[in-house]
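Commentary on secondary and tertiary structure
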Amino acid sequence: MNAKFDAYFMAMALREAEKAAADGEVPAGCVIVQAPADPDAEPTMARILGRAHNQGEMLNDSSAHAEMLALTQA
């Protein structure tokens, strides 16, 4: 894709990480995206398949990593 696309979704993942930190979790976030076919498309044209933040402590589940939760949504 392009730098604008990467920055847009990295900012979204960082917001997820901030949610984790606010909950006392390890601050990690994940966003899974289906990119549009056009490499010059605007980020808003992508489809978000899943997004999450670490929730291991809250769910008392050591597998509740951001990546696993986002993959489950996707």
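These numbers come from a predicted model, not from an experiment.

As for the overall build of the chain
- When its secondary structure is counted, the chain shows three helices and two strands.
- Counting from the amino terminus, the chain carries its helices and strands in the arrangement α-β-β-α-α.
- Taking the principal axes of the C-alpha coordinates as reference, the chain spans close to 40 × 20 × 15 Å.
- For the chain, the residues scored as buried account for 31% of the 74 residues in total.
- Long-range pairs, those at least 24 residues apart, make up 50% of the contacts in the chain between residues at least 6 apart in sequence.
- Both charge centroids of the chain, one from 5 positive and one from 11 negative side chains, sit 8 Å from each other.

Regarding the pattern of salt bridges
- This model, assessed by the stated rule, comprises two salt bridges.
- Between K4 and E42 there is a salt bridge, with the nearest N and O atoms lying 2.8 Å from each other. Residue K4 is located in helix 1 (residues 3–22), and its partner E42 is located in the loop between strand 1 (29–34) and strand 2 (47–53); the two are separated by 38 residues in the primary sequence.
- Its salt-bridge partner being E16, residue K19 comes within 3.1 Å of it at the nearest N-O pair. Of the two residues, K19 and E16 both sit in helix 1, three residues apart, roughly one turn of that helix.
- K19 sits in the partly exposed class, given a relative accessible area of 42%.

Topic: the side chain of E16
- Judged by its relative accessible area of 6%, E16 is buried.
- Beyond its immediate chain neighbours, meaning those up to four positions away, E16 contacts A28, G29, C30, R51, A52 and H53.

Observations concerning helix 1
- With 20 residues, helix 1 extends 28 Å between its outermost C-alpha atoms, agreeing within 8% with the 28 Å of an ideal straight helix rising 1.5 Å per residue.
- Of the residues making up helix 1, those classed as buried are F5, F9, M12, A13, E16, A17 and A20. On an axial view of helix 1, the arc spanned by its buried residues comes to 145°, and they lie on one face. Among the exposed residues of helix 1, those pointing more than 90 degrees away from its buried face are A3, K4, E18 and A22.
- Residues of helix 1 that are buried sit in contact with strand 1 and strand 2.
- N-capping of helix 1 is provided by N2, with a side-chain oxygen placed 3.2 Å from the backbone N of K4.
- Two residues or fewer past helix 1, G24 is found with a positive phi of approximately 80°.

What counts and how
- Every chain is numbered independently, its residues counted from 1 as its sequence is written.
- Only residues with pLDDT of 70 or above have their local features reported here, since the model is predicted, and side-chain atom pairs are shown and tallied only from 80 upward, although totals for entire chains, interfaces and linings are computed over all residues.
- Note: side-chain values were computed over all heavy atoms of the structure, leaving out hydrogens and water.
- In DSSP terms, a helix is any run of H or I states spanning at least four residues, a strand is any run of E spanning at least two, and both are numbered starting from the N terminus.
- The buried label goes to any residue with under 20% of its type's maximum accessible area, the exposed label to any with over 50%, and the partly exposed label to all in between, with areas taken from a 1.4 Å probe on protein chains only.
- We call two residues contacting when some pair of their heavy atoms lies within 4.5 Å.
- Just so you know, the count uses Lys and Arg for positive and Asp and Glu for negative, and it drops His and the chain ends.
- Every charge is mapped to an atom, namely NZ of Lys, CZ of Arg, CG of Asp or CD of Glu.
- By definition here, a salt bridge exists when the distance from a side-chain nitrogen of Lys or Arg to a carboxyl oxygen of Asp or Glu is within 4 Å.
- Take the residue count of a helix, subtract one, and multiply by 1.5 Å to get its expected span.
- Comment: arc refers to directions from the helix axis out to C-beta atoms.
- Counting of polar contacts relies on pairs of N or O atoms within 3.5 Å, with two restrictions inside protein: one atom must be capable of donating a hydrogen and the other of accepting it, and residues adjacent in sequence are counted only when both atoms are side-chain atoms.

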